[in-house]
Structures are given as C-alpha cells and as structure tokens.
2 protein chains.
Amino acid sequence: MSPTVRPPSFTHKHNHAACIADAIKAAEQCCAQNGTRFTSQRRRVLELIWQSHKPVTAYSLIKSLRKEKENTEPPTVYRALEFLQENNLVHRIESLNAFVGCEHPEKEHRSQFMICNQCDQAMELRNSRRIENAISTEASKLGFAISSSTVEITGICPSCQ
Amino acid sequence: MSPTVRPPSFTHKHNHAACIADAIKAAEQCCAQNGTRFTSQRRRVLELIWQSHKPVTAYSLIKSLRKEKENTEPPTVYRALEFLQENNLVHRIESLNAFVGCEHPEKEHRSQFMICNQCDQAMELRNSRRIENAISTEASKLGFAISSSTVEITGICPSCQ
DNA sequence: AGGGATATGTTATATATTAACATTTTACCA
DNA sequence: TGGTAAAATGTTAATATATAACATATCCCT
Ligand SMILES: [Zn+2]
Ligand SMILES: [Zn+2]
Ligand SMILES: [Zn+2]
Ligand SMILES: [Zn+2]
C-alpha cells in the first residue's frame, strides 16, 4: 500500500500530525526490516526532529531533551543522530549544521533540499532525477566516481512569497 | 587576454606554482576593480589557502600563521576569510567546514565542487550550466525562488582511480 | 543463567565561530 | 600638512558544534 498523498511540506497549513505519525511508523518498519533497534531514545529524538519541517541543531535537541530528563549530554543526541542517519531516517543539512526528518525513508537515496530563508522550512525533493542526472553526467564527463552528494538550495518558498 | 589554459586541478602533477601566482594576481585585479583593499594579511591567508587544492580549515590556517607570528587569534583568520569570500576569492565547503581558493574569481557566480575522498582535493566546476539549469528548472517547477546554492559531490577523482 | 554485542551514561576535550571593545592604520580633505 | 572618520587589526572572552575515552547497563542468543 503506498503512503497517503499529502501536500508538499512547504504548504504551510497541512496536517502535520500525520507527517509525524507517518515518519514514526516508517521508522519502525525500516528498522524492523534492517534488523536495527528503534529504541525509545532514538524514537524520541526522531519525534523531536519531526516537530516541524525546520532543520534542528543537535544542541537544540539537547535542550529539548533536558526538559524531559536533566543531564542529557551531547553523546546521547549525537549517537541517536548517527543511528538515524545511517538508517536513512534523517538528513544532515551541511550548510546549517542541522538535521531534518527524511520525507521518504523507504530506501537509501541521494537527497536535494530547498530551504526557505523566511520560514526556515526545508523541503526534500522527491525523485529529482533531473538534478541527479545533471550531476551524474557532469561527473562522468570528468571521470569522477560519485559516492555522495550534497545539494542545498536556499531562497524563498512558494508559501512565503 | 584570457588566462593560460592549464590542466584541471585534479591532475595531480601540474605546475601548481602557476596556480598560486595566477590566484594572487587575479586577487589583486579583483580588489583593484572592486575598490577593496588586498592587505598583506588577506594576501597571506589567500596564499596559504592556495598551498594546495585541498580545502583547509580556519584552524589549520591559524596554526600556519602562528608559525610566522605568535598570538594569531581566530578573528584574524575569520576576518580575512570573510573578506576573501565577499570578494569571490575563496569558497567555503559546507560539508567540510573548510575553505578553498576560487578557480575563476572573475565575477560572482554559483559554484559546484567535486571532492576526492582519496587525495582530498576539491575541484570547482567551470561553467556547469547543466547542473545550474537542472536546479533552476526544479525550483521554478515548485515555485521556489533561489538565492543561493550549495553543491558538493564527494567520490574518487580521475587521478586517484 | 552466561556471555558477547549493542546501547547508554559520564566526563572531558577538541574543533569551529562570533561578540565586544581597544588600538592602529589608512584614506581623504580642510 | 595636520585632522579626522572609516577601515583594518589586536585582544579577550564567550558561544556553538562535535568527538574521544572509558564505565555501566541492557539486550539477544544459546
Ligand atoms: Zn508536516
Ligand atoms: Zn517559506
Ligand atoms: Zn594547482
Ligand atoms: Zn583524488
């Protein structure tokens, strides 16, 4: 069964509770399939990341967690983030030193982001073969063998214009 | 007069002294044209960045400068880097928190980098209209107004294969 | 239940960046 | 040519981001 079709994340008014619920359910499924453990800490960090579509820094996660449990130290969050990244559940936004939930975590994939300077939301492109092909073509012209890519576009999103 | 045609920077053996000399000369011209001051500190930082095609961190620059002058503090380097960035003489590699000399500083431009995991060199693509067009097309399809872009590809460069 | 692998706790440190204010140097003009 | 405002640099301190190293707890399998 394919996931519910939902408006793109830049649509400011949408049923965001459904975004969160879907993300958590998808994470459970991914981890079950990968044979990795979706512990309560990892779940909590993922939930916090999904509170919005704005990338959040590791330290803002630490602050949030400290409201629930004092003495939350950096490694707690960084380990959870490492796990979530390895399991394709979150992406790191390099230009912000921040993290955002993956909007289609079904399998490993390259990602491209559009990040709004106004509302701070990051939208992950779905199936942007156009950009991936352009990069692949350019790389093969040069004889460069790609292993990963970072594509982060900033500007103003449609809802903010 | 157009600049000398030189092998791409990933070619491991090339006359790198010429890279440095060209970069400094271009910087002088850019600053003269912009009416900005290419002071000795800024020149020294740019020279250090151009010691190789590997992006260098701010702290490695501080360490280098301290060999020449003790008490070199972070703001010294960060200010020079800020100036060099504003004048399109260096680029920041977001995924590395590091800086690399711009290979075609003639005018403001978007940049795309291929970064080798083996030799650590970063090559700036010249005139990659293909990638820029793909990004522009994708953005306009979504109604997103671009203000800047970060494209950083990692992998293995031709010389390292 | 035993024992290795995995996850978490804890302390400390490394790395990266910026704020704020003091002093010096430069460019420009009266 | 001296005066002066802007720009650049010096200096101290704080903040932000990330990892190392080792201890303890928990889980999974037999
Ligand atoms: Zn949502
Ligand atoms: Zn927006
Ligand atoms: Zn060179
Ligand atoms: Zn290489």
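See the structure shown above.
Residues numbered from 1 in each chain as written. Chains lettered and ligands numbered in written order. Predicted model: local features only at pLDDT ≥ 70, side-chain atom pairs only at ≥ 80, totals over all residues. Heavy atoms only, no water.

## Some points on the packing of aromatic side chains
We describe a pair of aromatic rings using the distance from one ring centre to the other and the angle between the two ring planes. Counted under the stated rule, the structure contains two aromatic pairs over all chains. Judged by centre distance (5.9 Å) and plane angle (20°), the rings of A:Phe10 and B:Phe144 are stacked. With A:Phe10 in the segment before α1 (16–34) and B:Phe144 in the loop between α5 (129–142) and β5 (145–156), the pair connects residues from two separate chains. Take A:Phe10 and B:Phe144: they sit in the same class, and that class is buried. A:Arg42 extends its terminal NZ or CZ atom over the ring of A:Phe83, reaching a point 3.8 Å from the ring centre. (Phe/Tyr/Trp six-rings, centres within 6.5 Å; stacked < 30°, edge-to-face > 60°. Helix = DSSP H or I, 4+ residues; strand = E, 2+ residues; numbered from the N terminus. Buried < 20%, exposed > 50% of the residue type's maximum accessible area, 1.4 Å probe, protein only. Lys NZ or Arg CZ within 6 Å of the ring centre and 35° of its normal.)

## Here's the deal with the coordination of the zinc ion (ligand 2)
All names here are of chain A. Protein coordination at the zinc ion (ligand 2): the donors are Cys 116 (SG), Cys 119 (SG), Cys 157 (SG) and Cys 160 (SG), at 2.2 to 2.4 Å from the metal. Coordination at the zinc ion (ligand 2) comes from four donor atoms whose angles at the metal span 102 to 121°, giving a geometry best classed as tetrahedral. All donor residues of the zinc ion (ligand 2) come from one chain, and their arrangement in sequence is C-x2-C-x37-C-x2-C. Each member of the pair, Cys 116 as well as Cys 119, carries the same accessibility label: buried. (Donors = N, O, S within 2.8 Å, 3.2 Å for Na, K, Ca; no water. Tetrahedral: all angles 85-135°; square planar, octahedral: opposite > 155°, others 65-115°.)

## Focus: the pattern of salt bridges
With the rule as written, the count across this model stands at 16 salt bridges over all chains. B:Arg130 is the salt-bridge partner of A:Glu138, the closest N and O atoms lying 3.2 Å from each other. With one member in each of two chains, A:Glu138 in helix α5 (residues 129–142) and B:Arg130 in helix α5 form a pair that bridges those chains. Residues B:Glu47 and B:Arg44 are paired through a salt bridge, measuring 2.7 Å at the closest nitrogen-oxygen approach. With B:Glu47 and B:Arg44 both in helix α2 (residues 40–49), this residue pair falls three residues apart, about one helical turn. Put simply, A:Arg44, A:Glu47 and A:Glu68 are held in one network by salt bridges that share partners. (Salt bridge = Lys/Arg side-chain N within 4 Å of Asp/Glu carboxyl O.)

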